[in-house]
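Structural characterization, general
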Amino acid sequence: MLLTEIDHVAIAVRDLDAAIAYYAEAFGAEVTHREIVESDGVEEALVKVAESYIQLTAATRPDSPIAKSIEKRGEGLHHIGYRVDNCAEALASMVAAGATAIDKEPRPGSRGTTVAFVHPKGSFGTLIELVQE
């Protein structure tokens, strides 16, 4: 089994501070990590839930994948991040099973992780992020 656990569920939002305030008020949630990922054009705030995260993510520029997603589908569930021990091995396994890689090779992600995205068309409609800590 290449998947070790759910790393995060990513939610695309227009206003990151408003989303953080909502999660704090509704759930008593606290942000454990906040980061701007320039290469992806996003700012994220992570709320820890057990050993996983809710990743609230907002665009920092209009051409980012999050901005395009919100423009097309509105706010809401963006992707699921699966934790793996070896991102390259998991990506190769998914491609061999018929998935379409967005990232042809793993690349640096937030929190010092290594990540790779897989297109929803080959994954039953779900955008998948593989995350290696």
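Refer to the structure printed above.
Read on for an overview of the structure. None of the values given here were measured: they were computed from a predicted structure. (Residues numbered from 1 in each chain as written. Predicted model: local features only at pLDDT ≥ 70, side-chain atom pairs only at ≥ 80, totals over all residues. Heavy atoms only, no water.)

This next bit is on the pattern of salt bridges. On inspection of all chains with the given rule, the structure shows eleven salt bridges. Its salt-bridge partner being Asp40, residue Arg107 comes within 3.2 Å of it at the nearest N-O pair. Of the two residues, Arg107 is situated in strand E6 (residues 107-108) and Asp40 in the loop between strand E2 (31-37) and strand E3 (42-49); the sequence distance between them amounts to 67 residues. (Salt bridge = Lys/Arg side-chain N within 4 Å of Asp/Glu carboxyl O. Helix = DSSP H or I, 4+ residues; strand = E, 2+ residues; numbered from the N terminus.)

For the rest of this paragraph, the subject is the pairing of strand E4 (residues 52-59). With respect to burial, E4 is a largely interior element, six of its eight residues being buried. Relative to E4, strand E1 (residues 3-12) is paired through five bridges, and the arrangement is parallel. For Ala10, the partnering residue across the bridge sits in E4 and is Gln55. When E3 meets E4, the two strands line up antiparallel, connected through eight bridges. Its bridge partner being in E4, Lys48 is matched across the sheet by Tyr53. (Buried < 20%, exposed > 50% of the residue type's maximum accessible area, 1.4 Å probe, protein only. Pairing = 2+ DSSP bridges.)

Estimated volume of the largest pocket: approximately 750 Å³. Lining the largest pocket are 36 residues, and of these Pro65, His78, His79, Phe117 and Leu127 sit closest to its centre. Elements with a contribution of two residues or more to the lining of the largest pocket: E1, E3, E4, helix H2 (65-73), strand E5 (76-84), strand E7 (114-118) and strand E8 (128-132). Classifying every residue of the lining of the largest pocket gives 13 nonpolar, twelve polar and eleven charged. (1 Å grid on protein atoms, 1.4 Å probe; cavity = no way out; pocket = protein on both sides within 12 Å on 5 of 7 lines; lining within 4 Å. Points joined across faces, edges and corners; volume = space filled by probe spheres on them. Nonpolar A, V, L, I, M, F, W, Y, C, P; charged D, E, K, R; others polar.)

Spatial strand order, E2-E3-E4-E1-E5-E8-E7-E6: eight strands in an open sheet with mixed pairing. Strands with a single pairing partner mark the edges of an open sheet, and in this sheet they are E2 and E6. Examined bridge by bridge, E2 and E3 share six bridges and lie antiparallel to one another. Residue pairing across strands places Val31 opposite Val47, the latter belonging to E3. Relative to E4, helix H1 (residues 16-27) is tilted by about 150°, and along the sheet it contacts E1, E2, E3 and E4. (Contact = heavy atoms within 4.5 Å. Axes fitted to C-alpha atoms, helices over the stretch in contact; angles between N-to-C directions.)

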